[in-house]
Amino acid sequence: MKFDAKAFLMAVSQKNTNESEFVQAVEEVILSLEGYLNDNPVYLQDKILERLVEPERVIMFRVPWVDDGGNVQVNRGFRVQFNSAIGPYKGGLRFHPTVNLSILKFLGFEQIFKNSLTGLSLGGGKGGSDFDPRGKTDAEVMRFSQSFMSELYRHIGPNIDVPAGDIGVGSREIGYLFGQYKKLTKDFSGTLTGKGLGWGGSNIRTEATGYGVVYFAEEMLKRVNQSLNGKSILISGSGNVAQFAAEKVMQLGGKVLTMSDSDGVIYAKEGLSEDVLTHVKQIKNLDRGRIKEVAEKYGIEYLVGNNPWMIKADVALPCATQNEISGADARGMVSNGVGLVVEGANMPSTPEAIEVFKENKILFAPGKASNAGGVAVSGLEMSQNSVRLSWSRDEVDEKLKIIMKGIHDQAVKYGAQDGRVDYVVGANIAGFKRVADSILAQGLV
Ligand code: NDP
(Lines give C-alpha, C1' and ligand atoms only; values in the text may rest on other atoms or scores of the structure.)
Protein backbone atom coordinates (compact mmCIF):
# COMPACT_ATOMS: atom_id res chain seq x y z
CA MET A 1 0.00 0.00 0.00
CA LYS A 2 1.51 3.34 -1.05
CA PHE A 3 0.55 6.47 0.83
CA ASP A 4 -0.90 9.22 -1.35
CA ALA A 5 -0.33 12.40 0.70
CA LYS A 6 -2.01 14.65 -1.87
CA ALA A 7 -5.25 12.64 -1.89
CA PHE A 8 -5.23 12.44 1.90
CA LEU A 9 -4.78 16.20 2.22
CA MET A 10 -7.48 16.90 -0.33
CA ALA A 11 -9.92 14.90 1.79
CA VAL A 12 -8.86 16.77 4.95
CA SER A 13 -9.30 20.09 3.20
CA GLN A 14 -12.77 19.15 1.87
CA LYS A 15 -13.89 17.94 5.26
CA ASN A 16 -12.62 21.05 7.07
CA THR A 17 -13.68 23.87 4.78
CA ASN A 18 -13.02 27.36 6.17
CA GLU A 19 -10.32 25.99 8.49
CA SER A 20 -7.24 27.21 6.62
CA GLU A 21 -4.91 27.29 9.63
CA PHE A 22 -5.85 23.74 10.62
CA VAL A 23 -5.40 22.45 7.07
CA GLN A 24 -2.01 24.24 6.89
CA ALA A 25 -0.81 22.55 10.09
CA VAL A 26 -1.97 19.11 8.89
CA GLU A 27 -0.28 19.64 5.52
CA GLU A 28 3.06 20.48 7.11
CA VAL A 29 2.99 17.27 9.16
CA ILE A 30 1.63 14.91 6.53
CA LEU A 31 3.95 16.02 3.72
CA SER A 32 6.98 15.56 5.93
CA LEU A 33 5.81 12.10 7.04
CA GLU A 34 5.18 10.77 3.54
CA GLY A 35 8.54 9.01 3.05
CA TYR A 36 8.53 7.58 6.57
CA LEU A 37 5.00 6.22 6.17
CA ASN A 38 5.91 4.49 2.93
CA ASP A 39 8.94 2.94 4.63
CA ASN A 40 6.82 1.93 7.66
CA PRO A 41 3.42 0.82 6.29
CA VAL A 42 2.39 -0.42 9.74
CA TYR A 43 1.25 3.18 10.31
CA LEU A 44 -1.03 3.10 7.30
CA GLN A 45 -3.29 0.44 8.81
CA ASP A 46 -6.46 0.98 10.82
CA LYS A 47 -6.84 4.54 9.51
CA ILE A 48 -4.34 5.90 12.06
CA LEU A 49 -3.88 9.13 10.10
CA GLU A 50 -7.59 9.68 9.59
CA ARG A 51 -8.08 9.21 13.34
CA LEU A 52 -5.20 11.55 14.14
CA VAL A 53 -6.66 14.49 12.21
CA GLU A 54 -10.08 14.16 13.86
CA PRO A 55 -10.30 15.66 17.39
CA GLU A 56 -11.57 13.23 20.01
CA ARG A 57 -13.94 15.94 21.20
CA VAL A 58 -14.68 19.64 20.59
CA ILE A 59 -16.53 21.64 23.21
CA MET A 60 -17.96 25.00 22.19
CA PHE A 61 -19.91 27.20 24.56
CA ARG A 62 -21.45 30.58 25.27
CA VAL A 63 -19.62 32.88 27.68
CA PRO A 64 -21.91 35.66 28.94
CA TRP A 65 -20.47 38.33 31.26
CA VAL A 66 -21.15 41.88 32.40
CA ASP A 67 -18.74 44.75 31.63
CA ASP A 68 -17.96 47.65 33.97
CA GLY A 69 -20.71 49.71 32.38
CA GLY A 70 -23.30 47.07 33.36
CA ASN A 71 -23.73 45.88 29.76
CA VAL A 72 -24.09 42.19 28.96
CA GLN A 73 -21.38 40.86 26.64
CA VAL A 74 -21.32 37.46 24.95
CA ASN A 75 -18.20 35.64 23.77
CA ARG A 76 -17.61 32.17 22.43
CA GLY A 77 -15.53 29.62 24.35
CA PHE A 78 -13.84 26.47 23.05
CA ARG A 79 -11.88 23.46 24.20
CA VAL A 80 -10.50 21.10 21.57
CA GLN A 81 -9.60 17.77 23.18
CA PHE A 82 -7.60 16.49 20.27
CA ASN A 83 -5.75 13.35 21.26
CA SER A 84 -5.27 11.48 24.54
CA ALA A 85 -3.22 8.50 23.29
CA ILE A 86 -0.21 9.28 25.48
CA GLY A 87 -1.75 11.21 28.38
CA PRO A 88 -4.43 13.65 29.54
CA TYR A 89 -5.16 16.50 27.11
CA LYS A 90 -2.73 19.33 27.69
CA GLY A 91 -2.43 22.70 25.99
CA GLY A 92 -3.02 26.37 26.53
CA LEU A 93 -6.00 28.69 26.44
CA ARG A 94 -5.85 31.67 24.08
CA PHE A 95 -7.92 34.83 24.61
CA HIS A 96 -7.71 36.93 21.44
CA PRO A 97 -10.33 38.39 19.08
CA THR A 98 -9.03 36.25 16.19
CA VAL A 99 -9.71 32.95 18.01
CA ASN A 100 -11.91 30.55 16.07
CA LEU A 101 -12.23 26.79 15.64
CA SER A 102 -9.64 26.63 12.85
CA ILE A 103 -6.96 28.32 14.93
CA LEU A 104 -7.65 26.16 17.97
CA LYS A 105 -7.68 22.97 15.92
CA PHE A 106 -4.34 23.90 14.35
CA LEU A 107 -2.90 24.62 17.79
CA GLY A 108 -4.37 21.44 19.28
CA PHE A 109 -3.04 19.34 16.40
CA GLU A 110 0.47 20.81 16.76
CA GLN A 111 0.27 20.19 20.48
CA ILE A 112 -0.11 16.41 19.98
CA PHE A 113 3.34 16.15 18.40
CA LYS A 114 4.98 18.75 20.63
CA ASN A 115 3.80 17.02 23.79
CA SER A 116 4.95 13.68 22.44
CA LEU A 117 8.43 15.11 21.80
CA THR A 118 8.81 16.16 25.45
CA GLY A 119 8.80 12.47 26.43
CA LEU A 120 6.21 13.25 29.13
CA SER A 121 2.74 11.75 29.45
CA LEU A 122 0.75 14.59 27.86
CA GLY A 123 -1.98 14.38 25.22
CA GLY A 124 -2.85 17.25 22.88
CA GLY A 125 -5.50 19.91 23.43
CA LYS A 126 -6.09 23.63 23.11
CA GLY A 127 -8.83 26.10 23.94
CA GLY A 128 -9.74 29.71 24.37
CA SER A 129 -12.12 32.43 23.41
CA ASP A 130 -12.57 35.37 21.04
CA PHE A 131 -12.56 37.60 24.15
CA ASP A 132 -10.05 40.46 23.86
CA PRO A 133 -8.35 41.24 27.20
CA ARG A 134 -6.81 44.37 25.65
CA GLY A 135 -8.34 47.51 27.14
CA LYS A 136 -10.36 45.56 29.71
CA THR A 137 -10.13 46.25 33.44
CA ASP A 138 -8.98 43.56 35.89
CA ALA A 139 -12.57 43.27 37.12
CA GLU A 140 -13.83 42.64 33.58
CA VAL A 141 -11.13 40.04 32.92
CA MET A 142 -12.09 38.35 36.19
CA ARG A 143 -15.81 38.24 35.40
CA PHE A 144 -15.12 36.92 31.91
CA SER A 145 -12.68 34.27 33.22
CA GLN A 146 -15.17 33.14 35.86
CA SER A 147 -17.95 32.77 33.31
CA PHE A 148 -15.59 30.89 30.95
CA MET A 149 -14.64 28.46 33.72
CA SER A 150 -18.27 28.02 34.81
CA GLU A 151 -18.68 25.85 31.72
CA LEU A 152 -15.14 24.58 31.16
CA TYR A 153 -14.80 23.04 34.65
CA ARG A 154 -17.12 20.16 33.67
CA HIS A 155 -14.70 19.01 31.00
CA ILE A 156 -11.28 19.23 32.71
CA GLY A 157 -9.43 17.68 35.64
CA PRO A 158 -5.90 16.65 36.67
CA ASN A 159 -6.19 13.31 34.87
CA ILE A 160 -8.53 14.47 32.10
CA ASP A 161 -7.45 17.79 30.64
CA VAL A 162 -5.03 20.34 32.08
CA PRO A 163 -5.18 23.80 30.41
CA ALA A 164 -2.47 26.48 30.68
CA GLY A 165 -1.83 29.96 29.25
CA ASP A 166 -1.20 31.16 25.70
CA ILE A 167 -1.72 34.51 23.94
CA GLY A 168 -3.77 36.76 26.22
CA VAL A 169 -3.73 34.28 29.10
CA GLY A 170 -0.98 34.96 31.61
CA SER A 171 -0.69 34.70 35.39
CA ARG A 172 -3.60 37.10 36.02
CA GLU A 173 -6.03 35.06 33.91
CA ILE A 174 -4.78 31.70 35.24
CA GLY A 175 -5.37 33.02 38.77
CA TYR A 176 -9.00 33.93 38.06
CA LEU A 177 -9.62 30.67 36.17
CA PHE A 178 -8.09 28.56 38.94
CA GLY A 179 -10.05 30.39 41.65
CA GLN A 180 -13.33 29.71 39.89
CA TYR A 181 -12.41 26.08 39.16
CA LYS A 182 -11.64 25.53 42.83
CA LYS A 183 -14.86 27.18 43.95
CA LEU A 184 -16.99 25.04 41.61
CA THR A 185 -15.26 21.72 42.29
CA LYS A 186 -14.08 22.17 45.92
CA ASP A 187 -10.88 20.59 44.65
CA PHE A 188 -7.39 22.09 44.98
CA SER A 189 -5.68 20.08 42.28
CA GLY A 190 -3.17 20.52 39.49
CA THR A 191 -5.88 21.09 36.91
CA LEU A 192 -4.35 24.27 35.49
CA THR A 193 -0.65 24.97 35.01
CA GLY A 194 1.10 28.32 35.06
CA LYS A 195 -0.17 28.84 38.61
CA GLY A 196 1.47 31.30 41.01
CA LEU A 197 4.48 30.04 42.96
CA GLY A 198 2.62 30.33 46.28
CA TRP A 199 -0.30 28.16 45.16
CA GLY A 200 1.02 25.18 43.26
CA GLY A 201 2.97 26.78 40.42
CA SER A 202 6.39 25.61 39.29
CA ASN A 203 9.61 27.55 39.32
CA ILE A 204 10.69 28.48 35.76
CA ARG A 205 7.22 27.91 34.22
CA THR A 206 6.96 31.61 33.31
CA GLU A 207 10.39 31.56 31.71
CA ALA A 208 10.19 28.04 30.25
CA THR A 209 9.01 28.60 26.68
CA GLY A 210 11.41 31.47 25.98
CA TYR A 211 14.36 29.83 27.74
CA GLY A 212 13.61 26.54 25.97
CA VAL A 213 13.63 28.23 22.55
CA VAL A 214 17.09 29.59 23.26
CA TYR A 215 18.39 26.27 24.65
CA PHE A 216 17.16 24.66 21.44
CA ALA A 217 18.88 27.32 19.32
CA GLU A 218 22.12 26.71 21.23
CA GLU A 219 21.88 22.96 20.57
CA MET A 220 21.41 23.60 16.84
CA LEU A 221 24.39 25.93 16.76
CA LYS A 222 26.54 23.59 18.86
CA ARG A 223 26.04 20.89 16.23
CA VAL A 224 27.69 23.18 13.67
CA ASN A 225 30.38 24.41 16.10
CA GLN A 226 28.83 27.81 16.75
CA SER A 227 27.01 29.56 19.61
CA LEU A 228 24.75 32.55 20.24
CA ASN A 229 27.55 34.46 21.93
CA GLY A 230 28.21 37.64 19.91
CA LYS A 231 25.39 37.01 17.43
CA SER A 232 22.68 39.59 16.62
CA ILE A 233 19.12 38.38 17.12
CA LEU A 234 15.73 39.55 15.86
CA ILE A 235 12.86 38.80 18.23
CA SER A 236 9.22 39.48 17.37
CA GLY A 237 6.58 39.86 20.06
CA SER A 238 6.98 41.25 23.55
CA GLY A 239 4.81 38.84 25.50
CA ASN A 240 5.72 35.88 27.64
CA VAL A 241 7.74 33.91 25.08
CA ALA A 242 9.55 36.94 23.62
CA GLN A 243 10.51 38.38 27.01
CA PHE A 244 12.22 35.28 28.30
CA ALA A 245 13.80 34.38 24.98
CA ALA A 246 15.34 37.87 25.05
CA GLU A 247 16.47 37.42 28.66
CA LYS A 248 18.22 34.11 27.94
CA VAL A 249 19.82 35.42 24.72
CA MET A 250 21.32 38.31 26.72
CA GLN A 251 22.58 35.93 29.42
CA LEU A 252 24.34 33.91 26.73
CA GLY A 253 26.06 36.92 25.19
CA GLY A 254 23.79 37.50 22.19
CA LYS A 255 22.56 40.94 21.10
CA VAL A 256 18.78 41.36 20.95
CA LEU A 257 18.15 43.95 18.24
CA THR A 258 14.34 44.01 18.22
CA MET A 259 11.12 43.29 20.08
CA SER A 260 7.63 44.13 18.83
CA ASP A 261 3.88 44.16 19.37
CA SER A 262 1.02 44.32 16.92
CA ASP A 263 1.59 48.09 16.45
CA GLY A 264 5.35 48.28 15.88
CA VAL A 265 8.95 47.27 16.50
CA ILE A 266 11.65 48.68 18.80
CA TYR A 267 15.08 48.47 17.16
CA ALA A 268 18.43 49.02 18.92
CA LYS A 269 21.43 48.58 16.60
CA GLU A 270 23.80 47.87 19.49
CA GLY A 271 21.33 45.58 21.23
CA LEU A 272 18.66 46.19 23.85
CA SER A 273 19.97 46.61 27.40
CA GLU A 274 18.76 44.64 30.43
CA ASP A 275 17.13 47.85 31.72
CA VAL A 276 15.08 48.14 28.57
CA LEU A 277 13.99 44.50 28.85
CA THR A 278 12.93 45.08 32.47
CA HIS A 279 10.86 48.01 31.27
CA VAL A 280 9.28 45.92 28.49
CA LYS A 281 8.19 43.43 31.17
CA GLN A 282 6.77 46.24 33.32
CA ILE A 283 4.84 47.78 30.42
CA LYS A 284 3.52 44.50 29.06
CA ASN A 285 2.82 42.50 32.22
CA LEU A 286 1.76 45.17 34.70
CA ASP A 287 0.86 48.45 32.96
CA ARG A 288 -0.58 46.56 29.95
CA GLY A 289 0.71 49.27 27.61
CA ARG A 290 2.32 49.38 24.14
CA ILE A 291 5.94 48.80 23.17
CA LYS A 292 6.05 52.29 21.66
CA GLU A 293 6.18 53.63 25.24
CA VAL A 294 9.49 51.79 25.76
CA ALA A 295 10.94 53.44 22.64
CA GLU A 296 9.80 56.86 23.86
CA LYS A 297 11.25 56.42 27.36
CA TYR A 298 14.69 55.18 26.21
CA GLY A 299 14.99 57.05 22.89
CA ILE A 300 15.12 53.80 20.92
CA GLU A 301 14.21 53.70 17.24
CA TYR A 302 10.55 52.73 16.71
CA LEU A 303 9.31 51.28 13.44
CA VAL A 304 5.59 51.47 12.90
CA GLY A 305 4.29 48.11 11.65
CA ASN A 306 4.62 44.77 13.35
CA ASN A 307 7.50 43.19 11.51
CA PRO A 308 11.24 43.14 12.32
CA TRP A 309 12.20 40.83 9.44
CA MET A 310 13.75 43.50 7.19
CA ILE A 311 16.63 44.15 9.62
CA LYS A 312 20.11 42.72 9.13
CA ALA A 313 20.93 40.05 11.75
CA ASP A 314 22.33 36.55 12.31
CA VAL A 315 19.38 34.84 13.97
CA ALA A 316 15.58 35.24 14.03
CA LEU A 317 13.31 34.10 16.85
CA PRO A 318 9.67 34.72 15.84
CA CYS A 319 7.76 34.79 19.15
CA ALA A 320 4.46 36.59 18.37
CA THR A 321 1.85 34.65 16.40
CA GLN A 322 1.02 32.32 13.48
CA ASN A 323 1.93 33.21 9.88
CA GLU A 324 3.97 36.26 10.87
CA ILE A 325 6.77 35.43 8.35
CA SER A 326 5.67 35.54 4.71
CA GLY A 327 7.67 34.20 1.76
CA ALA A 328 8.80 37.76 0.97
CA ASP A 329 9.88 38.29 4.60
CA ALA A 330 11.86 35.05 4.44
CA ARG A 331 13.63 36.10 1.22
CA GLY A 332 14.49 39.43 2.90
CA MET A 333 15.88 37.58 5.92
CA VAL A 334 18.06 35.39 3.74
CA SER A 335 19.51 38.37 1.87
CA ASN A 336 20.09 40.15 5.19
CA GLY A 337 22.28 37.34 6.49
CA VAL A 338 19.94 35.44 8.82
CA GLY A 339 21.30 31.88 9.04
CA LEU A 340 19.19 30.44 11.86
CA VAL A 341 15.43 30.67 12.45
CA VAL A 342 14.02 29.11 15.61
CA GLU A 343 10.27 29.39 16.15
CA GLY A 344 9.07 30.56 19.56
CA ALA A 345 5.49 31.10 18.42
CA ASN A 346 3.31 28.33 16.99
CA MET A 347 3.51 28.16 13.17
CA PRO A 348 4.87 31.71 12.70
CA SER A 349 6.40 30.79 9.33
CA THR A 350 4.10 30.38 6.32
CA PRO A 351 4.69 27.30 4.14
CA GLU A 352 6.28 29.60 1.53
CA ALA A 353 8.70 30.98 4.13
CA ILE A 354 9.70 27.46 5.18
CA GLU A 355 10.33 26.61 1.53
CA VAL A 356 12.61 29.67 1.21
CA PHE A 357 14.56 28.62 4.33
CA LYS A 358 14.94 25.12 2.93
CA GLU A 359 16.10 26.25 -0.51
CA ASN A 360 18.68 28.53 1.06
CA LYS A 361 19.90 25.94 3.57
CA ILE A 362 18.91 28.13 6.53
CA LEU A 363 18.92 26.21 9.81
CA PHE A 364 15.24 26.13 10.76
CA ALA A 365 13.43 24.74 13.82
CA PRO A 366 9.63 24.35 13.86
CA GLY A 367 7.80 25.56 16.98
CA LYS A 368 6.52 22.12 17.90
CA ALA A 369 10.14 21.21 18.71
CA SER A 370 11.70 24.51 19.77
CA ASN A 371 8.87 25.97 21.86
CA ALA A 372 8.04 22.75 23.72
CA GLY A 373 9.80 23.99 26.87
CA GLY A 374 6.62 25.66 28.14
CA VAL A 375 4.47 22.57 28.03
CA ALA A 376 7.39 20.49 29.32
CA VAL A 377 7.63 22.58 32.49
CA SER A 378 3.83 22.50 32.72
CA GLY A 379 4.24 18.72 32.76
CA LEU A 380 6.78 19.12 35.55
CA GLU A 381 4.29 21.36 37.40
CA MET A 382 1.74 18.53 37.16
CA SER A 383 4.29 16.08 38.58
CA GLN A 384 5.13 18.43 41.48
CA ASN A 385 1.41 18.91 42.21
CA SER A 386 0.86 15.14 42.23
CA VAL A 387 3.57 14.54 44.82
CA ARG A 388 2.91 17.87 46.61
CA LEU A 389 6.50 18.98 46.29
CA SER A 390 8.14 22.04 44.83
CA TRP A 391 11.45 21.75 43.03
CA SER A 392 14.03 24.58 43.06
CA ARG A 393 14.69 26.91 40.10
CA ASP A 394 17.97 25.14 39.38
CA GLU A 395 16.37 21.70 39.45
CA VAL A 396 13.59 22.69 37.04
CA ASP A 397 15.96 24.63 34.76
CA GLU A 398 18.25 21.59 34.58
CA LYS A 399 15.32 19.32 33.68
CA LEU A 400 14.20 21.84 31.03
CA LYS A 401 17.67 21.82 29.46
CA ILE A 402 17.71 18.03 29.41
CA ILE A 403 14.25 17.91 27.78
CA MET A 404 15.20 20.48 25.10
CA LYS A 405 18.39 18.58 24.33
CA GLY A 406 16.35 15.36 24.14
CA ILE A 407 13.94 16.93 21.64
CA HIS A 408 16.86 18.24 19.60
CA ASP A 409 18.51 14.81 19.56
CA GLN A 410 15.30 13.09 18.45
CA ALA A 411 14.85 15.61 15.63
CA VAL A 412 18.43 14.95 14.53
CA LYS A 413 17.91 11.18 14.75
CA TYR A 414 14.95 11.23 12.35
CA GLY A 415 15.82 14.31 10.31
CA ALA A 416 19.52 13.96 9.46
CA GLN A 417 20.35 13.52 5.79
CA ASP A 418 23.68 14.05 4.01
CA GLY A 419 25.22 15.80 7.01
CA ARG A 420 22.35 18.29 7.33
CA VAL A 421 19.28 18.10 9.55
CA ASP A 422 15.73 18.74 8.40
CA TYR A 423 14.27 19.63 11.80
CA VAL A 424 10.71 19.72 10.41
CA VAL A 425 10.91 16.13 9.18
CA GLY A 426 12.81 14.99 12.28
CA ALA A 427 10.39 16.54 14.78
CA ASN A 428 7.31 15.35 12.94
CA ILE A 429 8.49 11.75 12.64
CA ALA A 430 9.69 11.53 16.25
CA GLY A 431 6.48 13.12 17.59
CA PHE A 432 4.26 11.00 15.36
CA LYS A 433 5.91 7.64 16.08
CA ARG A 434 5.23 7.67 19.82
CA VAL A 435 1.59 8.73 19.40
CA ALA A 436 0.92 6.34 16.51
CA ASP A 437 2.43 3.38 18.40
CA SER A 438 0.18 4.21 21.36
CA ILE A 439 -2.91 4.48 19.15
CA LEU A 440 -2.11 1.09 17.62
CA ALA A 441 -1.62 -0.48 21.05
CA GLN A 442 -4.91 0.84 22.42
CA GLY A 443 -7.22 -0.52 19.72
CA LEU A 444 -10.04 1.21 17.91
CA VAL A 445 -11.22 3.83 20.40
P1 NDP B 1 1.47 36.88 24.86
O2 NDP B 1 0.02 37.20 24.85
O3 NDP B 1 2.20 36.95 26.15
O4 NDP B 1 2.25 37.78 23.80
C5 NDP B 1 1.91 37.77 22.45
C6 NDP B 1 2.78 38.77 21.72
O7 NDP B 1 2.57 38.61 20.33
C8 NDP B 1 2.44 40.20 22.04
O9 NDP B 1 3.58 41.00 21.92
C10 NDP B 1 1.40 40.53 20.96
O11 NDP B 1 1.29 41.91 20.67
C12 NDP B 1 1.98 39.80 19.78
N13 NDP B 1 0.89 39.43 18.88
C14 NDP B 1 -0.19 38.66 19.15
N15 NDP B 1 -0.99 38.55 18.09
C16 NDP B 1 -0.40 39.27 17.12
C17 NDP B 1 -0.73 39.54 15.78
N18 NDP B 1 -1.85 39.07 15.21
N19 NDP B 1 0.14 40.32 15.06
C20 NDP B 1 1.28 40.81 15.63
N21 NDP B 1 1.63 40.58 16.91
C22 NDP B 1 0.81 39.83 17.62
O23 NDP B 1 1.57 35.41 24.22
P24 NDP B 1 2.76 34.35 24.36
O25 NDP B 1 4.07 35.04 24.40
O26 NDP B 1 2.38 33.40 25.42
O27 NDP B 1 2.61 33.55 22.97
C28 NDP B 1 3.29 33.94 21.78
C29 NDP B 1 3.34 32.77 20.81
O30 NDP B 1 4.02 31.68 21.44
C31 NDP B 1 2.00 32.21 20.38
O32 NDP B 1 2.10 31.73 19.07
C33 NDP B 1 1.77 31.05 21.34
O34 NDP B 1 0.89 30.08 20.83
C35 NDP B 1 3.20 30.52 21.41
N36 NDP B 1 3.50 29.68 22.58
C37 NDP B 1 3.31 30.15 23.85
C38 NDP B 1 3.64 29.35 24.93
C39 NDP B 1 3.57 29.84 26.33
O40 NDP B 1 4.04 29.11 27.22
N41 NDP B 1 3.06 31.02 26.61
C42 NDP B 1 4.10 27.96 24.73
C43 NDP B 1 4.35 27.61 23.35
C44 NDP B 1 4.03 28.44 22.33
P45 NDP B 1 0.01 42.74 21.21
O46 NDP B 1 0.29 43.00 22.65
O47 NDP B 1 0.00 43.96 20.37
O48 NDP B 1 -1.19 41.87 20.98
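Above this note sits the structure.
Because the structure is a prediction, the values reported are computed rather than measured.

**Student:** Can you tell me about the pairing of strand β4 (residues 123–129), naming the residues and giving the values?
**Tutor:** The buried count for β4 comes to seven of seven residues, which makes it a mostly enclosed element. Covered by surrounding structure in β4 are Gly 123, Gly 125, Gly 127 and Ser 129 together with Gly 124, Lys 126 and Gly 128, the residues of both alternating faces. Across six bridges, strand β2 (residues 72–83) lies against β4 in antiparallel orientation. Bridge pairing links Phe 78 to Gly 128 in β4. Taken together, the five bridges between strand β3 (residues 89–95) and β4 define a ladder with parallel strand orientation. Pairing of Phe 95 across the sheet is with Ser 129, part of β4. Handedness of the crossover is the feature at issue here: the chain leaves β3, passes through helix α4 (residues 101–117), returns alongside β4, and the resulting connection is right-handed.

**Student:** Quick rundown of helix α7 (residues 205–223)? Include the residues and the values.
**Tutor:** Taking 1.5 Å of rise per residue, 19 residues should cover 27 Å, and α7 covers 27 Å from first to last C-alpha, within 8% of that figure. Tyr 211 marks the point of greatest bend in α7, at about 30 degrees. Among the 19 residues in α7, 15 count as buried, and that is most of the element. Note on α7: the residue one or two positions beyond its end, Asn 225, has a positive phi of about 55 degrees.

**Student:** Describe the site of the ligand, and please don't skip the residues or the numbers.
**Tutor:** In the region of the ligand, 27 residues are neighbours, and Asp 166, Thr 209, Ser 262, Arg 290 and Asn 346 sit closest. The contact in question runs from an oxygen atom of the ligand to an N or O atom on the backbone of Asn 240, over 2.9 Å. Between Ser 262 and the ligand, the recorded distance is 2.4 Å, taken from a side-chain N or O atom to an oxygen atom. Against a free-state accessible area of 890 Å², the protein chains account for coverage of 84% of the ligand.

**Student:** I'd like to hear about the sheet that holds strand β9 (residues 301–304), residue by residue, with values.
**Tutor:** The mixed open sheet is built from seven strands, whose spatial order is β9-β8-β7-β6-β10-β11-β12. Here the strands that pair on one side only, and so sit at the sheet edges, are β9 and β12 (363–365). Averaged over all pairs of adjacent strands, the angle between their axes in this sheet comes to 15 degrees, without regard to strand direction. The pairing of strand β8 (residues 264–267) with β9 spans four bridges and is classified as antiparallel.

**Student:** Give me the environment of Glu 34: which residues, what numbers.
**Tutor:** Relative to the helices and strands, Glu 34 resides in helix α2 (residues 20–39). Here Glu 34 falls in the partly exposed class, since its relative accessible area comes to 27%. With near-sequence residues (within four places) excluded, Glu 34 lies in contact with Phe 3 and Ala 5.

**Student:** Describe the pattern of salt bridges, listing the residues and the values that go with them.
**Tutor:** Counted according to the given criterion, the structure contains 25 salt bridges. The partner of Glu 301 in a salt bridge is Lys 269, and the shortest N-O contact between them spans 4.0 Å. In this pair, Glu 301 sits in strand β9 while Lys 269 sits in the loop between β8 and α9 (274–287), placing the two residues 32 residues apart along the sequence. Among the residues examined, Glu 301 registers a relative accessible area of 38% and is labelled partly exposed. Residue Lys 269 is classed as exposed on the basis of its relative accessible area of 54%. Through salt bridges with shared partners, one network takes in Arg 134, Asp 261, Asp 263, Lys 284 and Arg 290.

**Student:** Lay out unusual backbone geometry with the relevant residues and their values.
**Tutor:** With a phi close to 55 degrees, Met 347 is a non-glycine residue in the positive phi region. Examined against the element boundaries, Met 347 turns out to sit in the loop between β11 (340–342) and α12 (351–359). Using a relative accessible area of 5% as the deciding quantity, one classes Met 347 as buried. A positive phi angle is found at Asp 418, which is not glycine, with a value near 55 degrees. Along the chain, Asp 418 turns up in the loop between β13 (416–417) and β14 (420–421).

**Student:** Could you give an account of a nonpolar patch on the surface, naming the residues involved and the relevant values?
**Tutor:** On the surface, Val 66, Val 72 and Val 74 cluster together into a nonpolar patch covering about 270 Å² of accessible area. Residue classification places Val 72 among the exposed residues on the basis of a relative accessible area of 62%.

**Student:** Could you give me a rundown of the environment of Met 259, with the residues and numbers involved?
**Tutor:** In this fold, Met 259 is placed in strand β7 (residues 255–260). As a C-alpha pair, Met 259 and Ile 291 span 32 residues in sequence and 8.2 Å in three-dimensional space.

**Student:** Break down the nonpolar core for me, with residues and values.
**Tutor:** Ranked by internal contacts, the top residues of the largest apolar core, which has 58 residues, are Phe 216, Ile 235, Met 259, Ile 266, Leu 272, Leu 317 and Val 342. When neighbours within four sequence positions are excluded, Leu 272 is seen to be in contact with Met 250, Val 256, Leu 257, Thr 258, Met 259, Ile 266 and Ile 300. Judged by nonpolar contacts, the second largest core, of 38 residues, contains Leu 52, Leu 107, Met 347 and Ala 436.

**Student:** Explain the packing of α2 against helix α16 (residues 423–441) residue by residue, including any values.
**Tutor:** Relative to each other, α2 and α16 sit at 80 degrees, their axes nearing to 9 Å. One finds that α2 runs roughly perpendicular with respect to α16. For the pair α2 and α16, the contacting residues are Glu 28, Val 29, Ser 32, Leu 33, Tyr 36 and Leu 37 in the first and Val 424, Val 425, Asn 428, Ile 429, Phe 432 and Lys 433 in the second. Tallied by class, the residues present in the contact of α2 with α16 amount to eight nonpolar, two polar and two charged.

Cut-offs applied
Residues numbered from 1 in each chain as written. Predicted model: local features only at pLDDT ≥ 70, side-chain atom pairs only at ≥ 80, totals over all residues. Heavy atoms only, no water. Buried < 20%, exposed > 50% of the residue type's maximum accessible area, 1.4 Å probe, protein only. Helix = DSSP H or I, 4+ residues; strand = E, 2+ residues; numbered from the N terminus. Pairing = 2+ DSSP bridges. Right-handed = clockwise from strand over helix to strand, strands pointing away. Expected span 1.5 Å × (residues − 1). Bend = angle between axes of the 7 residues up to and from the residue. Near = heavy atom within 4 Å. Polar contact = N/O pair within 3.5 Å; in protein donor to acceptor, adjacent residues only side chain to side chain. Areas by Shrake-Rupley, 256 points an atom, 1.4 Å probe, with all protein chains shown as cover. Axes fitted to C-alpha atoms, helices over the stretch in contact; angles between N-to-C directions. Contact = heavy atoms within 4.5 Å. Salt bridge = Lys/Arg side-chain N within 4 Å of Asp/Glu carboxyl O. Patch = residues over 30% accessible without salt bridge, like charges linked within 9 Å, V, L, I, M, F, W, Y side chains within 5 Å. Core = buried A, V, L, I, M, F, W, Y, C linked by side-chain atoms within 4.5 Å. Parallel < 35°, antiparallel > 145°, perpendicular 65-115°, else oblique. Nonpolar A, V, L, I, M, F, W, Y, C, P; charged D, E, K, R; others polar.

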